[in-house]
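In case you want the letters, here they are:
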Amino acid sequence: MNATPYPWQETQWTRWEQRVRQERVPHGLLLAGPAGLGKAHFARVLAQSALCLQPDAHGQACGSCQACQLFAAGTHPDFQSLTLEDSETTGKESTQIRVDQVRELVEFMYLSRNLDRYKVAIISPAEAMNRSAANSLLKTLEEPPPMALLILVSTQPALMPSTIRSRCQRIDFQAAENSAATDWLKAQGIDRPEELLHIARGAPLQALDLGDAETMALRQRLLDQIEAVMTGRGGVVETAADWKEYDDLGRLLDWLTAWLRDMLRYRQAPEADAATDIDLAPRLSALAERIDIKKAYRLEERMLEARRQIHAGLNQDLLRESILLSWLSAMRRA
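Residues numbered from 1 in each chain as written. Predicted model: local features only at pLDDT ≥ 70, side-chain atom pairs only at ≥ 80, totals over all residues. Heavy atoms only, no water.

K.L.:
Any chance you could break down the nonpolar core for me, citing the residues and the numbers?
P.N.:
Formed by 52 residues in total, the largest nonpolar core has its most connected members in Trp-243, Leu-256, Trp-259, Met-263, Ile-323 and Trp-327. What Leu-256 contacts, discounting residues up to four positions off in sequence, is Leu-222, Ile-226, Trp-243, Met-303, Ile-323 and Trp-327. Core analysis: the second largest hydrophobic core is formed by 27 residues, Phe-108, Leu-137, Leu-141 and Cys-168 among them. (Core = buried A, V, L, I, M, F, W, Y, C linked by side-chain atoms within 4.5 Å. Buried < 20%, exposed > 50% of the residue type's maximum accessible area, 1.4 Å probe, protein only. Contact = heavy atoms within 4.5 Å.)

As structure tokens, then:
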């Protein structure tokens, strides 16, 4: 693993480095910001630096000591990472982090340290913890063992209980439409990095994903399906069934929400260069003529609500149908 932050994360790393130098390392740290900014990578870089036996002058891991070698092999005895697991019944990724997962993690945090550094755990996505799981974690944040570091990674920190958020120091990540991000994308072999970064709203990892032909085709197909339903050429039930192929429901909702906002911009300023998704501008402009403004704003609220419901344990198929019906309602102008 690359033991350095991404180039656009220099500000965030500097903030962490200052905490280390001032001996103000928190027991709980919350990394918050939109998807696609590399927060999970940053968390692992930070974890490795906290475990490293010989960090450099900037607090970054040396990559060669015993701790770094164990970390790279995934066998460091003082590190655990907690995320969504595959369901035993469906085989698909669960939408929630369960209480038994967190209890095991808490037990691990209170075990004696094996090496003379921190005990570190990462929870990502932290907003996926159900209420029981979050409550199980709370006592550890309130009364942490010595040299313990819990790193929570979240794209939607507002969904986490305030009692959890208030006990963590926070590092925020913002959109990175800058030369550091575009240069990195060029180094990954991405053509038109500025355009893709703009479409991805400053999220370099999402821009990298859009540079993949399969992802771009999936995005185009989603808009094809929306157009078909809006023009009466596609059925709601059939389209919702097709949406099962979008394994990442959060990404689907992000695309739909972005398109809806572009359409609203076109309705409000039809002669302006309104679209963020500039490659889809003509199609979004045409669809904008079909929306009912008041219903569209309600639809935007519904999309944000659906984003919050992903980790609420709801039936995902019914959620997809509900989203599509909401679009159908908003796109039929009075």
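Still to come is the rest of the account.
K.L.:
Report on the pattern of salt bridges, specifying residues and quantitative values.
P.N.:
Think of it this way: side chains of opposite charge can pair up when their charged atoms draw near. Evaluation of the coordinates by the stated rule reveals 18 salt bridges. A salt bridge links Asp-100 to Arg-98, with the shortest nitrogen-to-oxygen separation between them at 3.0 Å. Looking at Asp-100, the relative accessible area reads 34%, which means it is partly exposed. Its relative accessible area of 30% is what places Arg-98 among the partly exposed residues. One salt bridge in this structure joins Arg-302 and Glu-305, with 3.8 Å as the shortest N-O distance. One end of the pair, Arg-302, and the other, Glu-305, are both in helix H14 (residues 293-309), three residues apart, so they sit about a helical turn from each other. When its relative accessible area of 32% is taken as the criterion, Glu-305 is described as partly exposed. Residues joined in a network through salt bridges with shared partners are Arg-201, Arg-219, Asp-277 and Asp-279. (Salt bridge = Lys/Arg side-chain N within 4 Å of Asp/Glu carboxyl O. Helix = DSSP H or I, 4+ residues; strand = E, 2+ residues; numbered from the N terminus.)

K.L.:
Residues and numbers for the packing of helix H1 (residues 10-21) against helix H2 (residues 39-51), please.
P.N.:
At a minimum axis distance of 12 Å, the contact between H1 and H2 shows a crossing angle of 30 degrees. With respect to H2, the axis of H1 lies roughly parallel. When you trace H1 past H2, the crossing you get is right-handed. When H1 is examined against H2, the residues Gln-12, Trp-13 and Trp-16 are found in contact with a partner set consisting of Phe-42, Val-45, Leu-46 and Ser-49. Considering only residue class, the contact of H1 with H2 consists of five nonpolar, two polar and no charged. (Axes fitted to C-alpha atoms, helices over the stretch in contact; angles between N-to-C directions. Parallel < 35°, antiparallel > 145°, perpendicular 65-115°, else oblique. Left-handed = near helix turned anticlockwise from the far one by under 90°. Nonpolar A, V, L, I, M, F, W, Y, C, P; charged D, E, K, R; others polar.)

K.L.:
Please set out the pairing of strand E4 (residues 148-154) residue by residue, giving values where relevant.
P.N.:
Within E4, seven of the seven residues are buried, which leaves the element mostly enclosed by the surrounding structure. Of the two faces of E4, both are covered, the one formed by Ala-148, Leu-150, Leu-152 and Ser-154 as well as the one formed by Leu-149, Ile-151 and Val-153. Here strand E1 (residues 28-32) pairs with E4 via five bridges, running parallel. Residue pairing for E4: Ala-32 is matched across the bridge by Ser-154. Pairing of strand E3 (residues 119-123) with E4 involves five bridges; the strand directions are parallel. Each bridged residue has a counterpart across the sheet, and for Ala-121 the counterpart in E4 is Leu-150. (Pairing = 2+ DSSP bridges.)

K.L.:
Which residues make up the sheet that holds E1, and what values go with them?
P.N.:
Across the sheet, five strands lie side by side as E2-E3-E4-E1-E5; this open sheet has parallel pairing. Each end of this open sheet is capped by a strand with a single partner; those strands are strand E2 (79-82) and strand E5 (169-172). In this sheet, neighbouring strand axes are inclined to one another by 15 degrees on average, regardless of whether the strands run parallel or antiparallel. Contacting E1, E2, E3 and E4, H2 runs over the sheet at an angle of about 170 degrees to E4.

K.L.:
How would you explain helix H15 (residues 316-331) if you had to name every residue and give the values?
P.N.:
One full turn of an α-helix is made of 3.6 residues, so residues set three or four places apart face in the same direction. In this model H15 runs 23 Å from its N-terminal to its C-terminal C-alpha over 16 residues, within 8% of the 22 Å that 1.5 Å per residue would give. The complete set of buried residues in H15 reads Gln-316, Leu-319, Arg-320, Ile-323, Leu-324, Trp-327, Leu-328, Ala-330 and Met-331. Buried residues along H15 sit in contact with helix H10 (213-230), helix H11 (236-242), helix H12 (249-268), helix H13 (281-288) and H14. (Expected span 1.5 Å × (residues − 1).)

K.L.:
Provide a residue-level description of the layout of surface pockets, including the pertinent values.
P.N.:
Empty space within the second largest pocket amounts to approximately 210 Å³. A breakdown of the residues in the lining of the second largest pocket according to their chemical character gives seven nonpolar, three polar and three charged. (1 Å grid on protein atoms, 1.4 Å probe; cavity = no way out; pocket = protein on both sides within 12 Å on 5 of 7 lines; lining within 4 Å. Points joined across faces, edges and corners; volume = space filled by probe spheres on them.)

K.L.:
Lay out empty space enclosed by the protein in plain terms, naming residues and giving numbers.
P.N.:
Where empty space is left can be seen by rolling a probe of water-molecule size over the atoms. Evaluation of the coordinates by the stated rule reveals one cavity of 30 Å³ or more. Taken as a whole, the largest cavity holds about 30 Å³ of empty space. Around the largest cavity, the lining residues are His-27, Met-109, Thr-140, Leu-141, Pro-144, Pro-145, Ala-148, Leu-149 and Leu-150. Where the lining of the largest cavity is concerned, the elements lending two or more residues are helix H5 (131-142) and E4. The dominant element in the lining of the largest cavity, judged by the number of residues it contributes, is E4, at three residues. Looking at side-chain class alone, the lining of the largest cavity contains seven nonpolar, two polar and no charged residues.

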